[in-house]
Amino acid sequence: DSKRGSSSRGERSSPGSPPPRVLSVRRQLYDRDFPLYKQPVEVGHFSLDAKRRFFSDARQLRYYVQPERCPNFDLRDGYRDRYVKRDEAVKEGLDHLLRWILANRSKLRGTPDQGGTASPAFNRLDVDFVTWRGHLTKLLTTPYETREGWLLAVSQLGGTLYVSEVETEAARQSRESRTERHEEMMFWGYRFEQYCCADKPGGRPAPRGVVNTNEAYCTVVRTRLAGHRLLFSGEVDCRDESPLSPPAPGCYIELKTSAEICTPKQRSNFHRFKLLKWWAQSFLPAVPRIVAGFRDDNGVVVSVETFHTSKISQLIKSEPNCWKPTVCMNFCCDFLSFVKTVVAEDDPRVVYLFSWEPYRDVTYSVHRDSEYSFLPDWYVKEMTN
Ligand code: A3P
Ligand code: MG
Ligand code: MG
């Protein structure tokens, strides 16, 4: 049930010629003017509780409590006895976002301002792409990624393209063979959140509580990248509760941890690799601030620093051979154009599987009624009746 793409470079197809079979990832091709990226607008939110149950509300939203500059938070505390870890073997695909869409369809009819037709066609969403923010982050960083490839499954339904990640074989193997040290270090990021967030406005953090990574609050935003109307959702760590803070997503704060920086080499690596990922993740939904806890090798946070997402590209400019936001955004834009030229059938049973490995072109294969199908029957039924 599979046919493979091959040959050619990443150009757009001219009228009458077959669509290109591959897309190049070479940076020089994408180093041009920054594409139009409309100010992302929050159109909704949802929550996942301690048992990973969906709620179409903000019950899991947390409130930022500014830590001291040198807080000495112990991130190891609680790993053994107060940690409930989400089962990463359970693949949820786009399901939570699809549930939100079904509950909020009336909000998704386009306005002329958003490039939509405002047509009352009830079963059509006025967006070109529906996906997770994290999948778009991977696309943005692809021109600079040298270690991990990706697989993105795409199906079309009612004129909208749904993009859902498939775990690569390599990713599954490294997930299943993580060291105990790595498992513990993954906990540190969530533990830092617990030191910096309260459950209620005006509340205090509960550092003796349980860290449960099933819990999540997700924003749903709408925006446009050049000609691509996007609807995506991303997990948000917390918000600024000050009455002076802007409306969402401007009030949201991303929390991060990173190894403390002691040498020029470490600083350079932080700029070249970590800030790229942090920038891409927060730029997409227009989250303006990133609060970073720098920790030592024993998991003690030795300093806290705020990064403004919009200033990161200035911060890295002194770094030789560094990444460029325009390359990230133009690659993402051209990938989405590539997807539009490739996907022909409007059928949730057909999956176009886009595949990329470092130092290679993006290729694709087509699968009908395969293990890759990801749009659930309950969603297709509701959208096509
Ligand atoms: P850090 O971000 O401090 O590394 P996020 O920052 O996106 O809100 O994610 C919270 C934490 O989840 C991360 O903390 C990290 O511990 C863990 N995490 C997120 N993505 C991960 C990934 N791809 N692999 C391993 N751990 C991840
Ligand atoms: Mg998070
Ligand atoms: Mg975070």
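This text follows the structure it describes.
The shown structure was predicted, so the numbers you read here are calculated from the model rather than taken from an experiment.

(A) Region of interest: the coordination of the magnesium ion (ligand 2). On the protein side, the magnesium ion (ligand 2) has Glu 235 (OE) and Asp 237 (OD) as donor atoms, found 2.0 to 2.1 Å from it. Between the magnesium ion (ligand 2) and the magnesium ion (ligand 3), a separation of 3.5 Å is found, and both are coordinated by Asp 237.

(B) Main features of the site of ligand 1. Every residue near ligand 1 is listed here: Met 186, Gly 189, Tyr 190, Glu 193, Glu 235, Asp 237, Glu 254, Leu 255, Lys 256, Thr 257 and Gln 281. Backbone polar atom of Thr 257 to an oxygen atom of ligand 1: 2.6 Å apart, as the coordinates give it. In the environment of ligand 1, an oxygen atom lies 3.0 Å from a nitrogen or oxygen atom belonging to the side chain of Gln 281. Protein chains shield 64% of the accessible area of ligand 1, which is 530 Å² for the free molecule. Where the shell around ligand 1 is concerned, the elements lending two or more residues are helix H4 (180-196) and strand S13 (252-259).

(C) Up close: the pattern of salt bridges. Within this structure, the stated rule accounts for 30 salt bridges. For Arg 208, the salt bridge goes to Asp 77, with nearest N and O atoms at 3.5 Å. Of this pair, Arg 208 sits in the loop between strand S8 (197-198) and strand S9 (211-212) while Asp 77 sits in the loop between strand S3 (63-64) and strand S4 (83-84); the two residues are 131 residues apart in sequence, bridging distant segments of the chain. One salt bridge connects Lys 138 with Glu 165, and the closest N-O pair in it is separated by 2.6 Å. With Lys 138 in helix H2 (residues 133-141) and Glu 165 in strand S7 (residues 160-166), this pair connects stretches of sequence that are 27 residues apart. Taking relative accessible area as the criterion, Lys 138 reaches 34% and is therefore assigned partly exposed. When salt bridges that share partners are traced, they join Asp 77, Asp 81, Arg 82, Arg 191 and Arg 208 into one network.

The rules we used
- Residues numbered from 1 in each chain as written.
- Chains lettered and ligands numbered in written order.
- Predicted model: local features only at pLDDT ≥ 70, side-chain atom pairs only at ≥ 80, totals over all residues.
- Heavy atoms only, no water.
- Donors = N, O, S within 2.8 Å, 3.2 Å for Na, K, Ca; no water.
- Near = heavy atom within 4 Å.
- Polar contact = N/O pair within 3.5 Å; in protein donor to acceptor, adjacent residues only side chain to side chain.
- Areas by Shrake-Rupley, 256 points an atom, 1.4 Å probe, with all protein chains shown as cover.
- Helix = DSSP H or I, 4+ residues; strand = E, 2+ residues; numbered from the N terminus.
- Salt bridge = Lys/Arg side-chain N within 4 Å of Asp/Glu carboxyl O.
- Buried < 20%, exposed > 50% of the residue type's maximum accessible area, 1.4 Å probe, protein only.

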